[in-house]
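# Coordinate inspection notes
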Amino acid sequence: MQKFKTVVIGGGAAGIVAAISAKRKGESVAICDRMARIGKKILASGNGRCNLLNEKLDESFYNPPARGLVRSIFEKFGKEDALSFFKELGLETYSEDGRIFPRTNQSSSVLKVLEMELNRLSVSIELNYEVNRVSYSQGLFTVTSKGGKTIECEKLIVAGGGKSYPALGSDGSCYKLAANMGHKIIEPVPAAVPIVLKDRLCHLLQGQKITARVKAIINQKTACESFGDLLLTNYGLSGTAILDVSEEISVAINRQKTSDVLISIDMVPFMDRAALRSEISKRIKNNWKPEDLLTGILPNKFYFVFESKDLSIDAEKIVNSVKGRLFKVVETKRWNEADFTSGGIDTKYVKEGTLESTVVKGLYFAGEILDVCGKRGGYNLAWAWASGYVAGSAR
Ligand SMILES: Cc1cc2nc3c(=O)[nH]c(=O)nc-3n(C[C@H](O)[C@H](O)[C@H](O)COP(=O)(O)OP(=O)(O)OC[C@H]3O[C@@H](n4cnc5c(N)ncnc54)[C@H](O)[C@@H]3O)c2cc1C
């Protein structure tokens, strides 16, 4: 049986950085990953550009229950630490609207510098090693693969990711390992995910993209708001404005089984109601054809926004149908289309500042496997690097 001081389950963003920081402390370290290569999700991130950090980094960009834990980790490994970590590895970066990318605009550069460091440090990497059992006895963990291989270690870091994009490796299998060792799992649900609706308008306007202000209304209360791209599709809605409100919607629909979920869309956010009403009234007065009343304000096809019977030249009705049009949410898309996972190991089961389990000594968790979900904009990778670094160097 192979023995290492530290074993990391999962060679994603969090696991790779955990292995680097543990090895830099002089420990013998192995990464076990179920895939044929490590870091697949890093390669897919940011549409292949890898938005690896954000200029504004603090706990307020994460789900409220996780904020205390997130703060304690960023105090130890914040934005500047992450930037110097990557700079030392040779990665040049730049910032665009606060989002930080590799200068090459290629996520493969991020993975390459990490792999070079793993190689320089001689971290052992076990590929096609799907861990399906962990046992603990007298200060030693035995990590067993599906194929029956075993590795022993004194410190175990579980960084197996969430459930989104399972083809990239994270299939949720590590939740079971954590639950078997006594940790509570908050039901994982897809986040940063498109929304499915049954609405004639989506069908009529499929393929149209506008800039909109979006509100998620859950049980008759505004739960969150966003502003950005809105894409109408044959199944419903997508685009950054929708992805940004999708976590709250997904939690309500998929975890809390709420059926009263609406999306309100302001399709003309650059004009207030009075200005729009006055412009439409002017057009009506000048005898514009009903189907032209929104021309130049919205793309031509948006004539469909209001029913033809309602075109009885009523400016107020037209304003209502484009500023605050309500859509009833049916469901969210599933794991193959969700960038993030909301839910995972309850953050109350890990210690602030180290990420050690409160249940089993010597056991640590890092990355998306924890119930930590950040906003879009580099926040999930920021969490993966920071939590990996802290878990790897903690003792
Ligand atoms: C398409 C897409 C684009 C994204 N873009 C961005 C972005 O630009 N910026 C950003 O901040 N975030 C982005 N994210 C989110 C971000 O990539 C993740 O939050 C982050 O990579 C999570 O890192 P992790 O190490 O915790 O998990 P993962 O990267 O998922 O790694 C987990 C690893 O564990 C392995 N594993 C799982 N179970 C086992 C097991 N039982 N045994 C052995 N190995 C196992 C998997 O094979 C995998 O390699 C994106 C996500 C997706 C899907």
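Scroll up to find the structure.
Everything in this summary refers to the structure shown in the same document. (Residues numbered from 1 in each chain as written. Predicted model: local features only at pLDDT ≥ 70, side-chain atom pairs only at ≥ 80, totals over all residues. Heavy atoms only, no water.)

## Some thoughts on the site of the ligand
- The ligand sits among 36 residues. The nearest are A14, D33, N51, E368 and L381.
- Here N51 contributes a backbone N or O atom positioned 2.9 Å from a nitrogen atom of the ligand.
- For the ligand, whose accessible area on its own is 1000 Å², the fraction buried by protein is 96%.
- At the level of secondary structure, the elements contributing two or more residues to the shell around the ligand comprise α1 (13-24), α2 (40-44), α6 (173-180) and α12 (379-393).
- For the shell around the ligand, the leading source of residues is α12, giving 4 residues. (Near = heavy atom within 4 Å. Polar contact = N/O pair within 3.5 Å; in protein donor to acceptor, adjacent residues only side chain to side chain. Areas by Shrake-Rupley, 256 points an atom, 1.4 Å probe, with all protein chains shown as cover. Helix = DSSP H or I, 4+ residues; strand = E, 2+ residues; numbered from the N terminus.)

## Regarding the nonpolar core
- Ranked by internal contacts, the top residues of the largest apolar core, which has 79 residues, are F86, L114, L156 and W385.
- Top element by residues in this core is α12. It accounts for 9 residues.
- Sequence-distant contacts of F86, defined by excluding residues within four places in its chain, comprise L52, L91, V110, V113, L114 and W385.
- Counting residues in each nonpolar core, the second largest holds 41 residues, with I195, C202, A216 and L293 among its members. (Core = buried A, V, L, I, M, F, W, Y, C linked by side-chain atoms within 4.5 Å. Buried < 20%, exposed > 50% of the residue type's maximum accessible area, 1.4 Å probe, protein only. Contact = heavy atoms within 4.5 Å.)

## Here we look at the layout of surface pockets
- Of the pockets and cavities examined, the second largest pocket occupies roughly 490 Å³.
- At the level of secondary structure, the elements contributing two or more residues to the lining of the second largest pocket comprise β10 (185-191), α9 (246-255) and β17 (340-345).
- In terms of residues, the lining of the second largest pocket owes the most to one element, α9, which gives 6 residues. (1 Å grid on protein atoms, 1.4 Å probe; cavity = no way out; pocket = protein on both sides within 12 Å on 5 of 7 lines; lining within 4 Å. Points joined across faces, edges and corners; volume = space filled by probe spheres on them.)

## Points about the packing of aromatic side chains
- Counting across every chain of the model gives 10 aromatic pairs.
- Ring geometry for F85 and F86: centres 5.2 Å apart, planes at 90 degrees, overall edge-to-face.
- Since its relative accessible area comes to 1%, F86 is described here as buried.
- Taking the centre distance of 6.0 Å and the plane angle of 80 degrees together, the rings of F85 and Y389 count as edge-to-face. Taken as a pair, F85 in helix α4 (residues 79-89) and Y389 in helix α12 lie far apart in primary sequence, 304 residues in all.
- You can call F85 buried: its relative accessible area is 4%.
- Classification of Y389 by relative accessible area gives partly exposed; the value is 23%.
- Clustering of aromatic rings is evident, with ring pairs tying together F77, F85, F86, W385 and Y389.
- Over the ring of F101 we find R49; its NZ or CZ atom is 3.8 Å from the centre of that ring.
- Lying over the aromatic face of Y364, K155 brings its terminal NZ or CZ to 4.6 Å of the ring centre. (Phe/Tyr/Trp six-rings, centres within 6.5 Å; stacked < 30°, edge-to-face > 60°. Lys NZ or Arg CZ within 6 Å of the ring centre and 35° of its normal.)

## Some points on the pattern of salt bridges
- Applying the stated criterion to the full structure yields 26 salt bridges.
- A salt bridge links E55 to K79; the shortest N-O distance between them is 3.2 Å. A residue pair is termed long-range when its members are at least 10 positions apart, and E55 in the loop between β3 (53-54) and α3 (67-74) and K79 in helix α4 qualify at 24 residues.
- Judged by its relative accessible area of 17%, K79 is buried. (Salt bridge = Lys/Arg side-chain N within 4 Å of Asp/Glu carboxyl O.)

## Side note on the sheet that holds strand β5 (residues 99-102)
- Spatially, 3 strands are ordered β3-β5-β4 in an open sheet, and the strand pairing comes out antiparallel. Each edge of the open sheet carries a strand with a single partner, namely β3 and β4 (93-96).
- In this structure, β4 lies alongside β5, joined through 4 bridges in antiparallel fashion. What sits directly across from T93, in β5, is P102. (Pairing = 2+ DSSP bridges.)

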